[in-house]
Amino acid sequence: MAAVKRAYLAVYNWAVFFGWAQVLYFAVDALLRSGHEGVYAAVERPLQLAQTAAVLEILHGLVGLVRSPVSATLPQIGSRLFVTWGILWSFPETRTHILVSSLVISWSITEIIRYSFFGTKELFGSAPSSLLWLRYSSFLVMYPTGISSEVGLIYIALQFIKASEKYCIRMPNKWNYSFDYFYASILVLLVYVPGSPHMYTYMLGQRKKALANSKTA
C-alpha cells in the first residue's frame, strides 16, 4: 500500500505541475504578445483545471495520505477557488485587469515549485537542497503578490457583483431564505485581513523548521 500511495501522489503532483507549467507558459506568451488584457483568455481552461485539482489535496489530508493539516490547506485552496470561479469566471469584466497577470504568474510560479518538490520527493524519497530552498523561500515574494492580486480582484468585482445581483437569492421564495453575493464577497475580503498575516506567519515557521532540518541532515 505504501508503494501505491507514493505512486499515486507522484502521478498527482507531476500532473498538476505540468498543468501549472502550461498556465505560466500561456500567461507569459500572452503578456508578451498582446499585453495583460489577453492573459486570462489564454490561461482560462488550464487555470481552472489546475486550480480545481487542488481540491484533492483537501481529501488527501482528510484520509491521511499527506501530513499537511486540513486547517491550513482548506482556507488557501478555498480562497483561490473563490477567485478562480466566483470572481474571474463569474464576472468577465474583471478578466482584462492587470492584476490577473500578477495573480496568474504568482500562483503558477508558486505551484510549479511546490508540485515539483513533492513530486520529486515521492519519486526519489528526497528533493535537492536547491528545490527545498525554493519551496520554502519563494513564498516570501509570491505570497504577498498573489494575495494582493486576489484581494484587488475581489474588490474590483464588487461593483459588478452589486449591479448584476448574480447568485443572489431574494425573498419571498419557497425556502424562506435570502442570500446576497455582494455581502458574502465583502465577508471574504474581511477574512483576508486576519487570515493572510496568519498564513504568512505559519509559512515562515514551516520555512524555519524545514531549512533547519535540512542543515541537520
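The structure displayed is predicted, hence computed values, not measured ones. (Residues numbered from 1 in each chain as written. Predicted model: local features only at pLDDT ≥ 70, side-chain atom pairs only at ≥ 80, totals over all residues. Heavy atoms only, no water.)

### Some points on the packing of helix α2 (residues 39–52) against helix α5 (residues 98–124)
Next up, step 1: The contact between α2 and α5 brings their axes to 11 Å, and the two run at 40 degrees. If you check the angle between α2 and α5, you find them oblique. The handedness of the crossing between α2 and α5 comes out as left-handed. Judged by residue contacts, Val39, Tyr40, Val43, Leu47 and Gln51 of α2 engage Val100, Ser101, Val104 and Trp107 from α5. (Axes fitted to C-alpha atoms, helices over the stretch in contact; angles between N-to-C directions. Helix = DSSP H or I, 4+ residues; strand = E, 2+ residues; numbered from the N terminus. Parallel < 35°, antiparallel > 145°, perpendicular 65-115°, else oblique. Left-handed = near helix turned anticlockwise from the far one by under 90°. Contact = heavy atoms within 4.5 Å.)

### Here we look at unusual backbone geometry
Next up, step 1: For the bond from Met171 to Pro172, the omega torsion is 5 degrees, close enough to zero to count as cis.
Next up, step 2: Positive phi outside glycine occurs at Glu165, with the angle close to 55 degrees.
Next up, step 3: As for its placement among the helices and strands, Glu165 is situated in the loop between α7 (139–164) and α8 (181–216).
Next up, step 4: Residue Glu165 is classed as partly exposed on the basis of its relative accessible area, which comes to 42%.
Next up, step 5: Phi angles above zero are rare outside glycine, and Tyr167 is one such case at about 65 degrees.
Next up, step 6: For Tyr167, a relative accessible area of 37% puts it in the partly exposed group. (Buried < 20%, exposed > 50% of the residue type's maximum accessible area, 1.4 Å probe, protein only.)

### Comments concerning the environment of Pro128
Next up, step 1: Here Pro128 is to be found in the loop between α5 and α6 (129–135).
Next up, step 2: As for Pro128 and Phe117, which are separated by 11 residues in sequence, their C-alpha atoms are 8.5 Å apart.

### Brief notes about the UniProt feature "transmembrane region" (unreviewed entry) in the protein chain
Next up, step 1: As annotated in UniProt, the feature "transmembrane region" (unreviewed entry) corresponds to residues 7–28, 139–161 and 181–200 in the numbering used here.
Next up, step 2: Note that residues 7–28 is 100% helix and 0% strand, and that its end C-alpha atoms are spaced 32 Å apart.
Next up, step 3: From the first C-alpha to the last, residues 181–200 spans 27 Å; its make-up is 100% helix and 0% strand. (UniProt positions renumbered as here; feature names shortened; annotations may be inferred.)

### Looking at a nonpolar patch on the surface
Next up, step 1: Taken together, the side chains of Tyr8, Leu56, Leu59, Leu62 and Val63 define a hydrophobic patch exposed on the protein surface, amounting to about 480 Å² of accessible area.
Next up, step 2: With 4 residues, the single largest contributor to the nonpolar patch is helix α3 (residues 55–63).
Next up, step 3: Here Leu59 shows up in helix α3.
Next up, step 4: The class of Leu59 is partly exposed, set by a relative accessible area of 44%. (Patch = residues over 30% accessible without salt bridge, like charges linked within 9 Å, V, L, I, M, F, W, Y side chains within 5 Å. Areas by Shrake-Rupley, 256 points an atom, 1.4 Å probe, with all protein chains shown as cover. Salt bridge = Lys/Arg side-chain N within 4 Å of Asp/Glu carboxyl O.)

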